[in-house]
Amino acid sequence: MAESMKGLKRTCRCAELTTNHIGQTVTVMGWVQKSRNKGGIIFVDLRDRSGIIQLIFEENDAGTEAFEKAAKLRAEFVAAVTGVVEKRSGAVNENLVTGAIEVRAKDIRILSESETPPFPVEENSRTKDELRLRYRFLDLRRPDLQRNLIMRSSIAMLTRQFLAEEGFLEIETPMLTKSTPEGARDYLVPSRVHPGNFYALPQSPQLFKQLLMCSGYDRYFQITKCFRDEDLRADRQPEFTQIDMELSFVDEDDVMDVNERLLQKLFQEVLGVELSLPFPRMTWQEAMDRYGSDKPDTRFGMELKDVTETVKDCGFGVFTGAVEAGGSVRGINAKGQGAMPRKKIDALVDFAKEYGAKGLAYLCVNEDGSYKSSFAKFMTEEELKALVCAMEGEPGDLLLFAADKNKVVYDVLGNLRLELARKMELLDKNVYHFLWVTEFPLLEYNEDLGRYQAMHHPFTMPMEEDLDLIDTDPGKVRARAYDIVLNGTELGGGSVRIHQNDVQEKMFQALGFAKETAYEQFGFLLNAFKYGVPPHAGLAYGLDRLVMLMAKEDNIREVIAFPKVKDASCLLTEAPNVVDEKQLEELGINIRPEEAEAAESNNK
């Protein structure tokens, strides 16, 4: 039977004990990791969020009652133990911070008993994700997950401290706001008091933080939840946390400077890693040309080479056809992979097809200087030599080529480059390569909508030298936008905002918005812009992604307390779920019969 804590106080956490405590009487409380009954002596590993301490029970020391209680302990029982800290009687356990000491128990209270857990609570669990997430409250007891969440807390606290010292004010913005059709899908919330109307959960505090700049608050930040109804992947969740900020009377350099110093502080304080400032910068076009990605991983080379000019008149129709169609031919050099078996090369071809390639041309440079290639028979010896030279190929190298429209070539080779790096074990998680990617295209053409849409959002300032192109060639306009990239992951993005009415009107025209439509969607911001707007700029980080990379995890679920799974459901709470008919009636909502049946089926 569980006992009370009445009159008992914990003196310290388990792993806070050191050799300095030897001889002291202490009270520790936590969960039983494991218990070993050796007859006249019982060893118990007690765990809390700080770590593990070994307890030792002997009947002569603890007394019969305490010894008998200790004999009942099982995994995940919660216990309070009072005893004396001693030097460990057996060999020192190098794997524990407390491995040189133990607590000789004098008294014990069993505060709570536990059923047999569905999986062992241990580091590096091999339990299937579905089971772990269904019992997330148990999974969260694992020391590695607890370290991640403790790290997350430290990062959030240090961020608040740093930004406050830099003159930022923490201001909360609404969770229930207005839906805007630009961007990802909104999560909608029906209104009971305004039947037929809906709030939207914020995808970002973007409009409100710009209003705060209009209101004279100068420097704002917020660590806030945001919501996007989009497909999930390893670094994405339907609800996520942003470190959001906006600054007045600044330009790109000011925003980058304060954020570089913030990241420098976080990495030094949390990981003991010194970051060298300033971070490198690269334009969007250079990133695409060199890496095939707007979030390049620069921990390794294998950069794209444009060989369009080299092959434009060669005898291989796949190459020449792509050039004649206005595309390009580009390649990557997988150094030392020339002996890769054909089966593995075929697997790379299949991988490339997943990203839109019709195929993948390859050329192996043999150690004797001869070639093995999928297209050598279509080209002369001179053409092949020129191609290998353009690719800086050497004996033992594997050259891979994509020929198509630029967008397809970038997608194929950018992803292939990362796949090869994984296979060649080039991705060192102990190395941190930061990069600013700048001058993104302001607009991108949406074939489905038949118009341009903002690559970031409609309030991003164009490069001043490109302003005239908005009317004549919108696709060539560059934005004063910037992303912060770490090891091939976009940590966050921001931009200098438009603060002049004439530029904002031009932007809306380029997006195909009538003036009335623009005011219908963004009127509250545009009205504020009539009353004196300071030049302003901002940036938002994905806190989850930042912690994931600092914790060296591969999935953000490992740094979020209660994450969703791929279909955006919560296995622990079984959300989303059906609701009471009365609630639907109050909201004026009817569920179509086929949808009701599907919901009922999903929740069985």
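Each value, and the rule that gives it
Residues numbered from 1 in each chain as written. Predicted model: local features only at pLDDT ≥ 70, side-chain atom pairs only at ≥ 80, totals over all residues. Heavy atoms only, no water. Patch = residues over 30% accessible without salt bridge, like charges linked within 9 Å, V, L, I, M, F, W, Y side chains within 5 Å. Areas by Shrake-Rupley, 256 points an atom, 1.4 Å probe, with all protein chains shown as cover. Salt bridge = Lys/Arg side-chain N within 4 Å of Asp/Glu carboxyl O. Helix = DSSP H or I, 4+ residues; strand = E, 2+ residues; numbered from the N terminus. Core = buried A, V, L, I, M, F, W, Y, C linked by side-chain atoms within 4.5 Å. Buried < 20%, exposed > 50% of the residue type's maximum accessible area, 1.4 Å probe, protein only. Contact = heavy atoms within 4.5 Å. Axes fitted to C-alpha atoms, helices over the stretch in contact; angles between N-to-C directions. Parallel < 35°, antiparallel > 145°, perpendicular 65-115°, else oblique. Left-handed = near helix turned anticlockwise from the far one by under 90°. Nonpolar A, V, L, I, M, F, W, Y, C, P; charged D, E, K, R; others polar. Pairing = 2+ DSSP bridges.

Here we come to a nonpolar patch on the surface. A cluster of nonpolar side chains, L131, Y135 and F137, forms an exposed patch at the surface whose accessible area comes to about 250 Å². With respect to the helices and strands, the residue Y135 is situated in the loop between α3 (129-134) and α4 (136-139).

With that settled, the discussion passes to the nonpolar core. Ranked by size, the top nonpolar core spans 103 residues in total, and within it M245 and F434 carry the most contacts. Ignoring anything within four residues of it in the chain, the contact list for F434 reads L263, F267, L275, F279, P280, I484, V485, L486 and L491.

Our focus in this paragraph is the pattern of salt bridges. Tallied over the entire structure, the rule returns 53 salt bridges. Here D473 makes a salt bridge to K476, at a shortest N to O gap of 3.7 Å. A residue is classified by how much of its surface remains accessible, and K476, at 58% relative accessible area, is exposed. Connected via shared salt-bridge partners are D129, R132, R136, D139, R142, D144, R557 and E558.

Quick look at the packing of helix α15 (residues 501-510) against helix α16 (residues 515-528) now. The N-to-C vectors of α15 and α16 enclose an angle of 135 degrees; their axes lie 11 Å apart at closest approach. Considering the angle they form, α15 stands oblique to α16. Note that α15 runs across α16; the crossing there is right-handed. Every residue of α16 that contacts α15 at Q504, E505 and F508 is listed here: K515, A518, F522 and L526. Its residues assigned to classes, the contact of α15 with α16 shows four nonpolar, one polar and two charged.

Ordered by their spatial adjacency, five strands build an open sheet running β12-β13-β16-β14-β15, and the pairing between neighbours is antiparallel. Only two strands of the sheet have a single partner each, and these edge strands are β12 (305-306) and β15 (371-373). Bridge analysis of strand β14 (residues 361-365) against β15 gives three bridges, and the strand direction is antiparallel. Across the sheet, residue C364 finds its bridge partner in β15, namely K372. Sheet strands touched by helix α13 (residues 406-423): β13 (328-334) and β16 (398-404). Its angle to β13, the strand with the most contacts, is close to 5 degrees.

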